[in-house]
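# Geometric and topological summary
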Amino acid sequence: GVRAAGSGGGGGSAEQLDAMVKKDKVVVFLKGTPEQPQCGFSNAVVQILRLHGVRDYAAYNVLDDPQLRQGQGRGGRGPGCR
């Protein structure tokens, strides 16, 4: 099922991001959690995964770790999210 994954702090380095995305087959970085997305883009990602029957994935809440949020390369800003 969906696994709320913690970054363990300091998740912004390239090596740590690489390890995170290699640990699971499907990995998403969200604002909030799959159960409670905190922006429209994160909600859309969760809905698309559900629509396609993807039930087994790791979800990282970027709001829990500022370094992880910055490590996404776009400053953590998806469309419609600030």
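Residues numbered from 1 in each chain as written. Predicted model: local features only at pLDDT ≥ 70, side-chain atom pairs only at ≥ 80, totals over all residues. Heavy atoms only, no water.

Let us look at the overall build of the protein chain. Tallying secondary structure elements over the protein chain gives 3 helices and 3 strands in all. Helices and strands appear in the protein chain in the N-to-C order β-α-β-α-β-α. The buried share of the protein chain, taken over its 82 residues, is 29%. Considering only contacts in the protein chain between residues 6 or more positions apart, those separated by 24 or more positions represent 64%. Summed over its atoms, the accessible surface of the protein chain is roughly 5,100 Å², and 50% of this surface lies on carbon and sulfur atoms. (Helix = DSSP H or I, 4+ residues; strand = E, 2+ residues; numbered from the N terminus. Buried < 20%, exposed > 50% of the residue type's maximum accessible area, 1.4 Å probe, protein only. Contact = heavy atoms within 4.5 Å. Areas by Shrake-Rupley, 256 points an atom, 1.4 Å probe, with all protein chains shown as cover.)

With that settled, consider the environment of Lys23. Looking at where Lys23 falls in the secondary structure, it is placed in helix H1 (residues 14–23). Accessibility expressed as a relative area gives 53% for Lys23, which makes it exposed. Separated by 35 residues in sequence, Lys23 and Ala58 have C-alpha atoms that sit 8.8 Å apart.

Burial along strand E3 (residues 58–61) is two-sided: Ala58 and Tyr60 facing one way and Ala59 and Asn61 facing the other are all buried. In this sheet, E3 lies alongside strand E1 (residues 3–5) in parallel orientation, the contact comprising 3 bridges. If you follow Arg3 over to E3, its bridge partner there is Ala58. Relative to E3, strand E2 (residues 27–30) runs parallel, the two sharing 4 bridges. Each bridged residue has a counterpart across the sheet, and for Leu30 the counterpart in E3 is Asn61. Running through helix H2 (residues 40–51), the crossover from E2 to the neighbouring parallel element E3 is right-handed. (Pairing = 2+ DSSP bridges. Right-handed = clockwise from strand over helix to strand, strands pointing away.)

Position of Ser42 relative to the elements: it lies in helix H2. With near-sequence residues (within four places) excluded, Ser42 lies in contact with Leu30, Lys31 and Pro37.

Everything listed is a geometric property; what it means functionally is a separate question.
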